[in-house]
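Next come the chains, spelled out residue by residue.
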Amino acid sequence: FYVDDVKYAGIPLGTGNEGATNRVRVYPNPTSQLWTFAADDRQSAYIELVDLNGRILDRVTGSGTLTLDASGLASGVYFARIRSDEHSELIRLVKN
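Quick caveat, the model's predicted, so the values are computed rather than measured. (Residues numbered from 1 in each chain as written. Predicted model: local features only at pLDDT ≥ 70, side-chain atom pairs only at ≥ 80, totals over all residues. Heavy atoms only, no water.)

1. A short note on the nonpolar core
- Counting residues in hydrophobic clusters, the biggest one holds 16 residues, and the most contacted among them are W35, F37, I82 and L93.
- When residues of this core are traced back to their parent elements, those giving at least two are β3 (24–27), β4 (34–39), β5 (44–50), β7 (65–69), β8 (76–83) and β9 (88–95).
- In this view, L93 contacts V26, N29, W35, F37, L49, G76, V77, Y78, F79 and A80; residues no more than four positions away in its chain are not counted. (Core = buried A, V, L, I, M, F, W, Y, C linked by side-chain atoms within 4.5 Å. Buried < 20%, exposed > 50% of the residue type's maximum accessible area, 1.4 Å probe, protein only. Helix = DSSP H or I, 4+ residues; strand = E, 2+ residues; numbered from the N terminus. Contact = heavy atoms within 4.5 Å.)

Structural data, given as C-alpha cells:
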C-alpha cells in the first residue's frame, strides 16, 4: 500500500521528489521576525504564506530577495507556496 501526492487542505505533504533541492533559499528558518527568500534566478516570484488549514495569511510578489513578516504569527509550522514562470515549490517554515 503506497500513498503518493498526499494533500492536507490543498497543501501537498509528499511531492514524490524528496531528492530535489529548493531553488529558493529561506533564512532564518525557524524565525521569530522575518523570513527572507532568495531565489537562484532573478525571475519574478509569487509567494503565499499558508497555515496548516490552507488559509493564505500573506502574499508577496517580486524578484530577487523578498521577505515575509512572521512577527504577528503564533508559534508553529507554516508553508511558503512559491510560484514563478519556471517552477513552483512548497517550503516548510517554522515560527518560534
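Now, onward.
2. A word on the pattern of salt bridges
- In this structure the tally under the stated criterion is three salt bridges.
- One salt bridge in this structure joins E48 and R81, with 2.8 Å as the shortest N-O distance. One end of the pair, E48, is in strand β5; the other, R81, is in strand β8, and 33 residues separate them in sequence. An identical accessibility class is assigned to E48 and R81; each is buried.
- R83 serves as the salt-bridge partner of E48, at 3.9 Å between the closest nitrogen and oxygen. Note that E48 is positioned in strand β5 and R83 in strand β8, a separation of 35 residues in sequence. (Salt bridge = Lys/Arg side-chain N within 4 Å of Asp/Glu carboxyl O.)

3. Structural notes on the confidence of the model for the protein chain
- Taken residue by residue, the protein chain gives an average pLDDT of 83. The fraction at 70 or more is 76%.
- Per-element averaging of pLDDT across the protein chain places strand β2 (residues 11–12) at the bottom with 51 and β8 at the top with 96.
- Contacts of residues 15–19 to residues separated by more than four positions or lying in other chains number one contact, the stretch itself having pLDDT below 50. (pLDDT = per-residue confidence, 0-100.)

4. Some details on the side chain of E89
- Mapping E89 onto the fold places it in strand β9.
- Residue E89 is classed as buried on the basis of its relative accessible area, which comes to 13%.
- At 3.0 Å, the side chain of E89 forms a polar contact with the side chain of H87. (Polar contact = N/O pair within 3.5 Å; in protein donor to acceptor, adjacent residues only side chain to side chain.)

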